Amino acid sequence: MTSATKNDPALLIHAYVDGELDPAHALEVERALAGDPALAAERERIETLQRLIRERLPPMAAPPGLARRIEAAIAGTTERPFFARPFSLPWLFPGAGVRRAPSWGALAASVMLALIVGSSSTWLTLRQGQLTPAEATADMVLASHIRALKAPQPADVASSDNHTVKPWFNGRVSEAPRVVDLGNEGFPLIGGRVDVIGRVPVPTLVYRRRQHLISLMALPNDQAPAVTSALRSIAGYNILTWRQNGTLYWAVSDVAPPDLDAFAKAFRAASG
Amino acid sequence: MVANDDYARFRTVVLPHLGDAYALARWLTGNTTDAEDVVQEACLRAFRGIGGFTGVNARAWVLTITRHAAFTWLGKNRSSALMMVDDLEELERRELSQGAAMPGQETPEAALIAKADAARLEAAIAQLPLPFREALVLRDVQGLDYREIAQVTKVPIGTVMSRLARARRRLMTDIGTDESRT
């Protein structure tokens with residue numbers, strides 16, 4: 001409020017009616033109201049006008065369908081590069097065009113996801129009794145990676161900026177992981193997500209190597225089974241484990257073992 | 001690539017205020033079709049910027065983006081509506097320094113103001129110059145406080161107060177006198 005407007009009763013009366021004045025100014029206006037019929041009439045007009053607006057112009061609702069159109073527009077501008085596209089079925093809807101395809105793709109993807117999550121968890125329950133803790137963890141790490149590949153997005157926070165990815169983990173996992181972009185080393189950072197390994201939410205970073213994705217999970221040491229640095233191969237996926245700064249890292253991908261090894265070296269060098 | 005997390009935030013932060021965004025866009029553009037376009041554009045912007053939302057006042061944030069989208073739209077389609085703003089501020093300053101803000105004798109009685117019907121009231125608000133109209137709509141139609149209006153319209157609180165006073169004075173005179181003549 002400038003000094004010119006500060007004590008103008010014709011302006012202050014509006015702020016008074018709106019309940020925006022501090023007690024000192026409100027008192028001043030009340031004193032002026034008592035001695036000035038013109039100002040009192042103005043107050044009555046303002047309150048009448050406000051009542052009129054409230055009664056004649058009730059809150060407006062958005063038109064039906066606007067929210068749906070907006071969500072469709074957002075889905076339309078969203079790139080879904082990994083799995084939504086193969087599932088879209090434009091030939092079934094020649095007249096419907098592009099706008100319908102993403103929702104069918106998403107539907108198909110979610111059905112696939114439900115099937116995979118359902119079947120792999122059943123399988124885990126059946127098998128888990130016979131596995132060592134390290135093998136069980138490797139299975140859960142791999143299942144999380146496959147699940148992420150089948151989901152519309154492999155990362156829940158999609159960014160190559162470690163200043164975006166790292167804070168996203170705050171409050172989601174007990175400790176935010178070290179986040180480094182390895183784009184210069186040929187492994188650009190895609191983003192991050194939270195996976196659940198043995199009932200514990202753990203931070204997972206997602207990197208890309210050409211057309212392949214690498215999931216890197218950071219298990220706090222006390223949650224980690226005793227494993228030494230090791231490369232294992234399950235169902236065509238390679239899993240590399242190493243210990244660093246009190247954290248047990250699990251990297252899982254379908255890239256070749258030398259690539260995964262190069263990734264681990266690059267990550268260790270950049271985050272050590 | 002967009003995270004599912006952004007969708008979830010968008011639904012909880014932006015969508016609850018869609019009605020307010022639409023109402024503001026309608027008052028600023030003057031019609032429902034353009035308002036829908038403006039709100040859709042605003043929502044796309046809000047979605048892209050959802051990571052930058054600090055979580056304090058979702059409604060004011062959504063309305064700020066909606067207003068910005070509406071002004072972009074007005075700049076493209078009704079540049080004359082925007083060109084008036086600078087002149088108006090000048091006029092406002094002059095009136096203020098001359099003390100012209102005091103209620104005049106010709107102002108209609110409150111009873112006369114109360115008789116205006118919805119159509120008359122809407123038309124009168126629609127005729128207000130843009131800076132006055134948005135201040136009045138945000139305060140008296142949508143119920144924001146001065147601080148929020150200052151945030152949404154990017155002017156000091158004192159300016160909000162004087163614009164609001166001027167908007168109401170114009171409205172009173174308009175709906176109170178015009179109809180009594182016809």
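Fair warning: this is a prediction, and the values are worked out from it, not measured in the lab.

**Remarks on the overall build of chain B**
In step 1: Counting its secondary structure elements, chain B contains ten helices and zero strands.
In step 2: In chain B, the succession of α and β elements from N to C terminus is α-α-α-α-α-α-α-α-α-α.
In step 3: Within chain B, the proportion of its 182 residues that are buried is 40%.
In step 4: Taking the contacts inside chain B whose residues are at least 6 apart along the sequence as the reference set, 72% of them involve residues at least 24 apart.

**Some details on unusual backbone geometry**
The general pattern is negative phi for most residues beyond glycine and trans for most peptide bonds.
Residue and element names in this part refer to chain A.
In step 1: Look at Arg 199: it is not a glycine, yet its phi comes out positive at around 70°.
In step 2: Following the sequence through the fold, Arg 199 ends up in the loop between strand S2 (189-197) and strand S3 (200-209).
In step 3: C-beta crowding within 10 Å serves as the criterion here: with 7 such atoms nearby, Arg 199 is assigned to the exposed category.
In step 4: Within the chain, Arg 210 stands out as a residue other than glycine whose phi angle is a positive 50°.
In step 5: Take Arg 210: it is sitting in the loop between S3 and strand S4 (212-220).
In step 6: What makes Arg 210 exposed here is the crowd of 8 C-beta atoms within 10 Å.

**Topic: the interface of chain A and chain B**
In step 1: On the side of chain B, 45 residues touch chain A, which itself brings 45 residues to the contact.
In step 2: Listed by contribution, the elements that provide at least two residues to the side of chain A that touches chain B are helix H1 (3-6), helix H2 (9-17), helix H4 (37-56), helix H5 (66-77) and strand S1 (157-158) of chain A.
In step 3: Residue contributions to the side of chain A that touches chain B peak at eleven residues, all from H4 of chain A.
In step 4: Grouping the constituent residues of the side of chain A that touches chain B by class yields 25 nonpolar, ten polar and ten charged.

Reading the values: the criteria
Residues numbered from 1 in each chain as written. Chains lettered and ligands numbered in written order. Predicted model: local features only at pLDDT ≥ 70, side-chain atom pairs only at ≥ 80, totals over all residues. Helix = DSSP H or I, 4+ residues; strand = E, 2+ residues; numbered from the N terminus. Buried ≥ 20, exposed ≤ 12 C-beta atoms within 10 Å, placed from the backbone. Contact = placed C-beta atoms within 7 Å. Nonpolar A, V, L, I, M, F, W, Y, C, P; charged D, E, K, R; others polar.

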